[in-house]
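# Structural characterization, general
Spelled out from the first residue to the last, the chains are:
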Amino acid sequence: MAEVQNWQLGRKMQYPYEEARPERQFAAVFNLNRCIGCQTCTMACKSTWTWGPGQEYMWWNNVETKPYGGYPQNWDVKLLSMLGPQEWQGGVYAGKTIFEAADPAKQTTSGFLALGYLPADEEWRYPNIHEDTAQGHSPHGARLPEHESWFFYLPRICNHCTYPACLAACPRKAIYKRQEDGIVLIDQSRCRGYRKCMEACPYKKPMYRGTTATTEKCVGCYPRIEQGQVTRCIATCIGKIRLFGWVNEESSPVHYLVHKAKVALPLYPQFGTEPNVYYIPPRWVPRDYLRQMFGPGVDAAIEAYAKPSPELLAVLQLFGATDRIIARYRLEGEAIVGFDDRGAEVVRVPIDEKVQVRPADRMNIT
Ligand code: SF4
Ligand code: SF4
């Protein structure tokens, strides 16, 4: 076991392989305050990647309704219960990660089993179970900071983790993380369908395909990324809640949101895989629930989002504004401008959306 630095935990942790960060790390920010649960992202992914025989129950992108929904069903509640106490002391995680909590008796010489479980077929069958089911009842209507009756949509893809549990667990060494962009892929020619990755991935994002007897997972739309285009789920998002970027490059808007403005947080950082999809938490949801899901940065993130600085307000306008990858951005007067890797302008968005007032004689025309 190696000791590796996990910045999301604020400490070092145990991982089977040495730290080997890619040159660039695939990352995205999803703004949960804006997701409308339309599932356009889900269908864009399905029609691109998982429309073949044996992939019927395979949804690389899914959008579940929290707190009750989950694909596979109850994936997070199950693992959180297995993991035990998950205390944070300041910004440092004091509990165990899935790697540290794994049963040493189950380790093999060829694969490292993280704490996990293999979902039954039944649990994959209803990807949108409990859609729009709220928790609690409010006789008072809705008020901030926390609604008494609440739910929210949680869109999920593979997190292309810095320390992937799927990769650690594979006895065939069929899973690899690309040096050029941090995308985690399964080599189909090496996979024998042992499903150790499914058992180990805390987010349950590798999925079994019966017709080929192999496991498949989100490929990060790598052919598009190689051409400077964002993924299909990001490009098609109706709510404009998604932004792609390189989280380890200071010029990227995603780096700004995660590391400088600190409004975007990892999903269940306590699992220890250092996931690279980051979420702006929903403002109306009880804070205890959010702190368990996104860690101790929740309160500061919501505060920053509710009263955005001029730069944050500007960067938020870049969500869904282009299907090109924005490598760097600049504020120019009343606009924010995004540039690609070669320095070419790919998008220009006004920071303040102008209000259009209809003349009185056209009020009722829709
Ligand atoms: S989310 Fe799961 S499948 Fe994706 S890289 Fe992380 S551990 Fe692997
Ligand atoms: S397309 Fe966007 S708004 Fe619609 S469900 Fe997906 S993430 Fe949410």
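Residues numbered from 1 in each chain as written. Chains lettered and ligands numbered in written order. Predicted model: local features only at pLDDT ≥ 70, side-chain atom pairs only at ≥ 80, totals over all residues. Heavy atoms only, no water.

Per an unreviewed UniProt entry, the protein goes by Nitrate reductase subunit beta and derives from Caldinitratiruptor microaerophilus. On record in UniProt, under Subcellular location (unreviewed entry), the comment for the protein is "Cell envelope". (UniProt positions renumbered as here; feature names shortened; annotations may be inferred.)

Moving on to the pattern of salt bridges. Scanning all chains against the criterion turns up 23 salt bridges. For R287, the salt bridge is made with D299, and the minimal N-O distance between the two is 2.9 Å. Placement of R287 in helix α8 (residues 287–294) and of D299 in helix α9 (residues 298–306) is noted, with a sequence separation of twelve residues between them. With relative accessibility at 16%, the residue R287 sits in the buried group. Residue D288 pairs with R291 through a salt bridge whose shortest N-O separation is 2.8 Å. Of the two residues, D288 and R291 are both situated in helix α8; the distance of three residues between them amounts to about one turn of the helix. (Salt bridge = Lys/Arg side-chain N within 4 Å of Asp/Glu carboxyl O. Helix = DSSP H or I, 4+ residues; strand = E, 2+ residues; numbered from the N terminus. Buried < 20%, exposed > 50% of the residue type's maximum accessible area, 1.4 Å probe, protein only.)

To continue, consider the packing of aromatic side chains. Considering all chains together, one arrives at 20 aromatic pairs under this definition. Considering the side-chain rings of W75 and Y268, the 5.8 Å spacing of their centres and the 80° angle between planes classify their relative orientation as edge-to-face. With W75 in helix α2 (residues 75–83) and Y268 in the loop between β13 (265–266) and β14 (277–280), the pair connects residues that are 193 residues apart, well separated along the chain. Classification of W75 as buried rests on a relative accessible area of 0%. Residue Y268 is classed as buried on the basis of its relative accessible area, which comes to 2%. (Phe/Tyr/Trp six-rings, centres within 6.5 Å; stacked < 30°, edge-to-face > 60°.)

A few words now on the environment of P145. You can see P145 is positioned in the loop between β6 (92–93) and β7 (152–156). Through-space distance from the C-alpha of P145 to that of R287 is 8.9 Å; in sequence the pair is 142 residues apart. Setting aside residues up to four positions removed in sequence, P145 forms contacts with R283, W284 and R287. (Contact = heavy atoms within 4.5 Å.)

Glancing now at the sheet that holds strand β3 (residues 26–31). The mixed open sheet is built from four strands, whose spatial order is β12-β3-β14-β13. Looking at which strands have only one partner, the edges of the open sheet turn out to be β12 (242–246) and β13. Sheet topology places β13 next to β14; two bridges connect them, and they run antiparallel. In the sheet register, P266 faces β14, and the bridge partner there is Y278. (Pairing = 2+ DSSP bridges.)

So, about the nonpolar core. Within the largest apolar cluster, 82 residues are counted, with the highest numbers of intra-cluster contacts made by I98, F152, L267, F271 and F294. When residues of this core are assigned to their parent elements, the largest contribution, five residues, is made by helix α3 (residues 165–169). When residues no more than four places from it in sequence are discounted, the contact partners of L267 are W75, L154, R156, Y203, P275, V277, Y279, M293 and F294. In this structure, Y256, A314, V315 and L318 belong to the second largest nonpolar core, which totals 26 residues. (Core = buried A, V, L, I, M, F, W, Y, C linked by side-chain atoms within 4.5 Å.)

Along the polypeptide, T215 turns up in strand β11 (residues 214–216). Ignoring any residue separated from it by four or fewer positions in sequence, one finds T215 in contact with I186, Q188, C191, G193, R195, C197, M198, P206, M207 and Y208.

The next subject is the site of ligand 2. Looking at ligand 2, there are 14 residues lining it, with C35, C38, Q39, C41 and C237 nearest. Of the residues assigned to the shell around ligand 2, the class counts are nine nonpolar, four polar and one charged. (Near = heavy atom within 4 Å. Nonpolar A, V, L, I, M, F, W, Y, C, P; charged D, E, K, R; others polar.)

For helix α7 (residues 253–260), a buried count of six out of eight residues is recorded, marking the element as mostly surrounded by other parts of the structure. All of the buried residues along α7 are P253, V254, H255, Y256, L257 and V258. On its buried face, α7 sits against β3, β12, β14, α10 (310–316) and β15 (328–332). Positive backbone phi, at 55°, marks K262, one or two positions downstream of α7.

Moving on, we come to α2. Helical periodicity: at 3.6 residues per turn, an α-helix aligns residues three or four positions apart in one direction. Turning to α2, its buried residues are W75, D76, L79, L80 and L83. Viewed end-on, α2 has its buried residues packed into an arc of 115°, placing them on one side of the element. In this structure, the buried residues of α2 make contact with β4 (62–66), β6, β7 and α8. (Arc of directions from axis to C-beta.)

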